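Structural description and commentary
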Amino acid sequence: MTAVDDRPTTSPEIGSARRRKEDQRLITGRTKWTDNIQLPGMLHLAMVRSPFAHAKIASIDTAEASAAPNVVRVFTGHDIADIQGVNITAWPISPDQKTPDHLPVPLERVSHTGEIVAVVVARSAAAARDAAELVDVDYEELPAILDLKEAANDAVLAHPDLGTNKSAFWQLDSAAQGSGGDVGEAIEKARQDGIVIEREYRQQRLIPAFMEPRSTVVDPTGEQVVMYSATQVPHILRFCIAATTGLPESKIRVIAPDVGGGFGGKLQSTPEEFATLAVARKLGKPCKYTETRSESMISAHHGRDQWQKLTLTAEKDGTVTGLKVDLMADLGAYAAIVGGGVPVLGAWMFNAIYKFPAYQFNCTTYYTNKTWVDAYRGAGRPEATFAIERLMDELAAEVGVDPLEIREKNWIKHDEFPFTSVAGMTYDSGNYEAATARAKELFGYDELRAEQKQRRESGDPVQLGIGVSTFTEMCGLAPSRVLGSLDYGAGGWESASIRMLATGTVEVITGASAHGQGHETAWSQIVADRLGVPFENVEVLHGDTQIAPKGMDTYGSRSLVVGGEALVRAADKVIEKAKKFAAHSLEASVDDIEFSAGQFTVRGTDKGVGISDLALAAFAAHDYPEDVEPSLDADATFDPVNFSFPHGTHLCAMEVDTETGATKMRKYVCVDDIGNIINPLIVEGQVHGGLVQGIAQALWEGAEYDEQGTLVSGSFVDYTLPTAADTISFVTDHTTSPATSNSLGTKGVGEAGTIASTPAVVNAIVDAVRDRGIDDIEMPCTPERVWKAIQSAGGRQGAGVTPTQQPHFDEGTPNQDPSAGTTDGAVQ
Amino acid sequence: MTRITVTVDGASYTDEVEPRMLLVHYLREVLGKVGTVVGCDTSNCGACTVHLDGRSVKSCNMLAVQADGHEVTTIEGLSTNGELHPMQTAFHENHALQCGYCTPGMIMQAVDLLKENPNPSEEEIRVGLEGNLCRCTGYHNIVKAVAAAAGSSQRSDA
């Protein structure tokens, strides 16, 4: 134990709603996005992309494009084949996983629309774009497999040479691994004398749609090749480049400058990055490639895309007895960096906060001729949470009790922690009762239920539904040994360094790579408290493999939980080192030195010295202890032993217009337990943004392909991101049960809102119309889908409607379709 | 090439530009005003919003030549004499930005919104920002910031 444990428990910085350090630059336009970078002699790239979902590249004629004004050269895959490398997957989920080679610029065959077939290099981006139109590619179209369920039949193959569309199968069985009973027995028993809920849910394909389009600048003119890229993962990217292109790792420097959002969408090693690198190396000139939004939509990886077959069993009183999950997951055309691991991450989360005695998770991954699929905010856990929270509502309806009552009956009680789940995860802390009680209070749960009843009884055309989601997630990716046991290709540790500068400021180097999260502010708060230095004197450096040589980057709500703990350990090492300097300076024994709020003192005296003075003394090195190096700087690498398990209760009220299918969010309350909070302002922002992404999956977003394999939702016109006018203000609060897996007691918050909100919204919509016999509406729950569900359920359109409620169909009004108001012929 | 003279953030510039060059590309590539950014290619996202003669425009949605003889203000020219514009301060104080990519456009649009309607309701703020997309904040704190800048007390959550 170190002396810091003796410090007062109340800290001035941790827990304070510090305004962000990052903001000053961002609100004044003093930014360093990758696309802002200009280098002497820099050339610009434009990609020639396949318009076909699946085709053989018969020939490419680059002559006309090469001769176009200001064009330097046109490259095909063959021209860079020796150095272009390959886009690898880090997580083969089974030893026999089938994984097609993913060349950045394919040589023979394109496997999805938008795949790069040639790269045009010109003196300006506009010239490159113009010339890209002149590249003449002769394609021989091949049959494309676009539907996930059809892919399972292998009638048409995404990659003919693999012989099948199936990539891999992965199973978790509680009986086999000894963490629970046999799910088959549970189902058999429930079929005889219990409840069996069987459902199939669709997780539609989503597009991360970070606001900054991806951009890469490669400067090959120095001894090291420097790549600037709009990436979440500069360290992982450097590893991927070194592993596949022949460039030694020590010759590559990757810099993630200001990065405009990621949400998992920039957790990748991309064909665009690799193609830009290869071209820059071939030409020996700095090269830049910035994608258009339309290119981003079709070539940056997508998220979700699953079919979920679910069987939940329970006693007649609603006590759950088993859960069986059969997933089909669409990988798109290639196994991306996390790839099949994304749906597998859900394996430990379908059972959620409930005490299932038996559980089985089966996941089969398939290839299709569509854009590749990988991590998107939550990655596997939103899919799992959606399924279980929808099912718990179905169970409540079956038993005939309130959805919160069925959850309370089955969840882990607060005095049962730590609790090892049926999936084998040990949840260290949590209090579902407390979060739920607080959420109900803020929501006005009973009042809204009363209003719902009243509207139902009066036959109001606008019905009210209340949706519940009592979610948990696993965050803090990840214990390296666990990753190793799952054959993931890397560890999950994080690194931090602290440099005590001579003039009193402190440099903090973190291996996490922020892209909007506010690490510079939160990290400063942690270090300021720990070392007793002013918040303003802490400078946080990140996102550059030369400055932060070690790191595992930012995703999976890991930065604070893993990287924050590394920071604490580095700070404690600084303090331990400084103690020897303090003892020397104060002419005392090290054992008598105490440290508090930046001051080292000799126990029982008023003698003391500040940590900044010691930093100067170590720098000057004129007079320091014999047995130490003249430095207070320290490094730490933290490898967690467990995940963290944030949870929360989200309550959503939706109004559903039963005449039009239109839905309107009335109120949204969430109470999240994310452990101790470093900065409540940043936390609140993370929750808000997460909520809207999850709500958007429920209501608006979906990547849609036509039968040719063209992404029809390929721009912001068609892929309907929510606007300010579509959304509401939220009510957020927190309960706290600190995590035990790190000394700060933090659990992670980056994905909570997204994971929890989707089922809360859909549960609310279904709840509004459940009395009409509706128990599911596929996402996104557009007005059309809601309306069709109401119609096909033989709903009671018009029942109880009075003229004042529906003036727009007044009889005798001119220019009205005489059949208006009836549904004949309109029902599909 | 066409000769244009444009005042940008208080300074006058004369340049020869391609007639097809968008105003946003002129700002970024010719003048180095990279505080204004491009987020889409369909004029949906509003990240490139600037003021033309005091009114907000999406600078991807007009040509540089159309700005000839006009006055453009970008996010880089919004503060005066080193003092942040009240909207910039409000965004900072209310944590209305995360990655910050939409922020320049969002702030420029919000300034124009208040110019048109100095005391908007939450609904009016939301509708007024409909042409600007943000993927990080869920808009909650952006709306709060604009209301704060307006001195508005109209907030839906306590």
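If you check an unreviewed UniProt entry, chain B appears there as (2Fe-2S)-binding protein from Phycicoccus avicenniae. Quoted verbatim from the Pathway (unreviewed entry) field of UniProt, the annotation for chain B is "Alkaloid degradation; nicotine degradation."

Taking an unreviewed UniProt entry as the reference, chain A is identified by name as Xanthine dehydrogenase family protein belonging to Phycicoccus avicenniae.

1. Some thoughts on the environment of Glu576(A)
Residues and elements named next belong to chain A. Within the element layout of this structure, glutamate 576 appears in helix α17 (residues 559-586). Classification of glutamate 576 as partly exposed rests on a count of 16 C-beta atoms within 10 Å. Taking the C-alpha atoms as reference, glutamate 576 lies 16 Å from alanine 528; in sequence the two are 48 residues apart.

2. Section: helix α20 (residues 752-769) of chain A
Look at α20(A): 27 Å from first C-alpha to last across 18 residues, which is about the 26 Å you get at 1.5 Å a residue. Among the 18 residues in α20(A), 18 count as buried, and that is most of the element.

3. Some points on the sheet that holds strand β24 (residues 608-610) of chain A
All names here are of chain A. If you trace the 3 strands from one edge of the open sheet to the other, you get β22-β23-β24, paired in antiparallel fashion. The sheet is open, and its two borders are formed by β22 (593-596) and β24, each paired with just one other strand. Across the sheet, the mean angle from the axis of one strand to that of its neighbour is 25°, orientation sign disregarded. Across 4 bridges, the pairing between β22 and strand β23 (residues 599-602) is antiparallel. Paired with serine 596 across the two strands is glutamine 599, which belongs to β23. On the sheet, α17 packs against β22, β23 and β24 and is oriented at approximately 125° with respect to β22. Set on the sheet, helix α18 (residues 611-620) makes contact with β23 and β24; between it and β24 the angle comes to about 75°.

4. Examining the domain arrangement of chain B
Residues and elements named next belong to chain B. Domains assigned within chain B are domain 1 (2-77) and domain 2 (86-149). Averaged C-alpha coordinates put domain 1 and domain 2 at centres separated by 21 Å. Secondary-structure elements contributing two or more residues to the side of domain 1 that touches domain 2 are β3 (49-52) and β4 (55-58). Of the residues forming the side of domain 1 that touches domain 2, the biggest block, 3 residues, is contributed by β3. Of the residues assigned to the side of domain 1 that touches domain 2, the class counts are 6 nonpolar, 8 polar and 1 charged.

5. Concerning the UniProt feature "domain: Aldehyde oxidase/xanthine dehydrogenase a/b hammerhead" (unreviewed entry) in chain A
UniProt marks residues 28-143 of chain A with the feature "domain: Aldehyde oxidase/xanthine dehydrogenase a/b hammerhead" (unreviewed entry), using the numbering shown here. A helix fraction of 11% and a strand fraction of 30% characterise residues 28-143 of chain A, whose end C-alpha atoms lie 51 Å from each other.

6. Some thoughts on unusual backbone geometry
Residues and elements named next belong to chain A. Of the consecutive residues phenylalanine 417 and proline 418, the connecting peptide bond is found in the cis state with omega at -5°. The topology assignment puts proline 418 in the loop between α12 (403-410) and β16 (419-420). Looking along the chain, the bond that leaves methionine 779 and enters proline 780 is cis, with omega of -10°. Mapped onto the fold, proline 780 is located in the loop between α20 and α21 (783-792). In this structure, asparagine 70 is a non-glycine residue whose phi angle is positive, near 65°. Looking at the element boundaries, asparagine 70 is found in the loop between α2 (63-66) and β3 (71-76). Non-glycine residue phenylalanine 263 carries a positive phi angle of around 55°.

7. Describing the sheet that holds strand β9 (residues 215-219) of chain A
Residue and element names in this part refer to chain A. Reading across from one edge, β3-β5-β1-β12-β9-β10-β11 is the order of the 7 strands in this open sheet, with mixed pairing throughout. In this open sheet, the two edge strands, each paired with only one partner strand, are β3 and β11 (252-255). Strand-to-strand twist in this sheet, taken as the mean axis angle between neighbours without regard to direction, amounts to 20°. Pairing between strand β1 (residues 43-49) and strand β5 (residues 116-122): 6 bridges, direction antiparallel. Paired with valine 48 across the strands is alanine 118, a residue of β5. Packing of helix α3 (residues 125-132) onto the sheet brings it into contact with β1, β3 and β5, and relative to β1 it is tilted by some 25°.

Conventions used here
- Residues numbered from 1 in each chain as written.
- Chains lettered and ligands numbered in written order.
- Predicted model: local features only at pLDDT ≥ 70, side-chain atom pairs only at ≥ 80, totals over all residues.
- UniProt positions renumbered as here; feature names shortened; annotations may be inferred.
- Helix = DSSP H or I, 4+ residues; strand = E, 2+ residues; numbered from the N terminus.
- Buried ≥ 20, exposed ≤ 12 C-beta atoms within 10 Å, placed from the backbone.
- Expected span 1.5 Å × (residues − 1).
- Pairing = 2+ DSSP bridges.
- Axes fitted to C-alpha atoms, helices over the stretch in contact; angles between N-to-C directions.
- Contact = placed C-beta atoms within 7 Å.
- Domains from an automatic or database assignment.
- Nonpolar A, V, L, I, M, F, W, Y, C, P; charged D, E, K, R; others polar.

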